[in-house]
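Below, each chain spelled out in residue letters.
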Amino acid sequence: MSYISSAFAPQPQVDRDRRIALGLDAKSFARRAGITTGELHEYELTQESQSFDSEVAARIGEMLSALEARSPV
């Protein structure tokens, strides 16, 4: 696992809120993102001072962005 530190760094708890706002349960979102439900839960429960898998974070971020782009405003 690596820790990403930048202004555009993934924020696990914010990403969880984004997923929930889209109305997606963990199982269906994980399947769409190409990760396991366990990986999703581990990422979403990461505290600010902890590290996370950057590949998992990237998949989650990409899927959230794609789904939000399709979502009506």
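Please refer to the structure higher up on the page.
Everything quoted here is computed from the prediction, not taken from an experiment.

Visitor: Which parts of the structure should I look at to understand the nonpolar core?
Guide: Across soluble globular proteins, you tend to see nonpolar side chains buried next to one another. Of all hydrophobic cores here, the largest spans 15 residues; its most connected members are F29, I35, L40, Y43 and I60. Every element with two or more residues in this core is listed here: α2 (26–33), α3 (37–44) and α4 (54–70). Those residues within four positions of I35 in sequence are excluded, and the remaining contacts are A30, L40, V56, R59 and I60.

Visitor: Would you explain the pattern of salt bridges in this entry?
Guide: Pairing of side chains with opposite charge becomes possible as their charged atoms draw close. Tallying each qualifying case throughout the model produces four salt bridges. Of the charged contacts, one joins R18 and D15 as a salt bridge, the two residues approaching to 3.0 Å between their closest N and O atoms. Here R18 and its partner D15 are both found in helix α1 (residues 12–21), three residues apart, which amounts to about one turn of the helix. On the accessibility criterion, R18 (23% relative accessible area) is partly exposed. Among the charged side chains, a salt-bridge network with shared partners connects D15, R18 and E68.

Visitor: In this structure, what is going on with the packing of α1 against α4? I would like to understand it.
Guide: Helix-helix packing is characterised by the crossing angle of the two axes and by the distance between the axes. Contact geometry of α1 with α4 gives a least axis separation of 11 Å together with a crossing angle of 35°. When the axes of α1 and α4 are compared, the crossing they make is left-handed. In contact with D15, R18 and R19 of α1, α4 contributes I60, G61, L64, S65 and E68. Taken together, the residues that form the contact of α1 with α4 break down as two nonpolar, two polar and four charged.

Visitor: Before we go on, may I ask you to explain the packing of α2 against α3 in this structure?
Guide: Their axes nearest at 8 Å, the elements α2 and α3 cross at an angle of 105°. By the criterion of interaxial angle, the relationship of α2 to α3 is roughly perpendicular. Touching A26, K27, F29 and A30 of α2 are T37, L40 and H41, all from α3.

Visitor: Any chance you could explain α3 here in plain terms?
Guide: Because an α-helix packs 3.6 residues into every turn, residues spaced three or four apart end up facing the same way. Turning to α3, its buried residues are L40, Y43 and E44. Down the axis of α3, the smallest arc covering the buried residues is 95°, so these residues share one side. Structurally, α3 contributes buried residues whose contacts are with α1, α2 and α4.

Visitor: Got a minute to help me understand a positive patch on the surface in this structure?
Guide: Together, K27, R31, R32 and R70 make up a positively charged patch on the protein surface. At three residues, α2 tops the list of elements feeding residues into the positive patch. Topologically, R32 is positioned in helix α2.

Thresholds applied
- Residues numbered from 1 in each chain as written.
- Predicted model: local features only at pLDDT ≥ 70, side-chain atom pairs only at ≥ 80, totals over all residues.
- Heavy atoms only, no water.
- Core = buried A, V, L, I, M, F, W, Y, C linked by side-chain atoms within 4.5 Å.
- Buried < 20%, exposed > 50% of the residue type's maximum accessible area, 1.4 Å probe, protein only.
- Helix = DSSP H or I, 4+ residues; strand = E, 2+ residues; numbered from the N terminus.
- Contact = heavy atoms within 4.5 Å.
- Salt bridge = Lys/Arg side-chain N within 4 Å of Asp/Glu carboxyl O.
- Axes fitted to C-alpha atoms, helices over the stretch in contact; angles between N-to-C directions.
- Left-handed = near helix turned anticlockwise from the far one by under 90°.
- Nonpolar A, V, L, I, M, F, W, Y, C, P; charged D, E, K, R; others polar.
- Parallel < 35°, antiparallel > 145°, perpendicular 65-115°, else oblique.
- Arc of directions from axis to C-beta.
- Patch = residues over 30% accessible without salt bridge, like charges linked within 9 Å, V, L, I, M, F, W, Y side chains within 5 Å.
- Areas by Shrake-Rupley, 256 points an atom, 1.4 Å probe, with all protein chains shown as cover.
- Lys, Arg positive; Asp, Glu negative; His and termini not counted.
- Charge placed at Lys NZ, Arg CZ, Asp CG, Glu CD.

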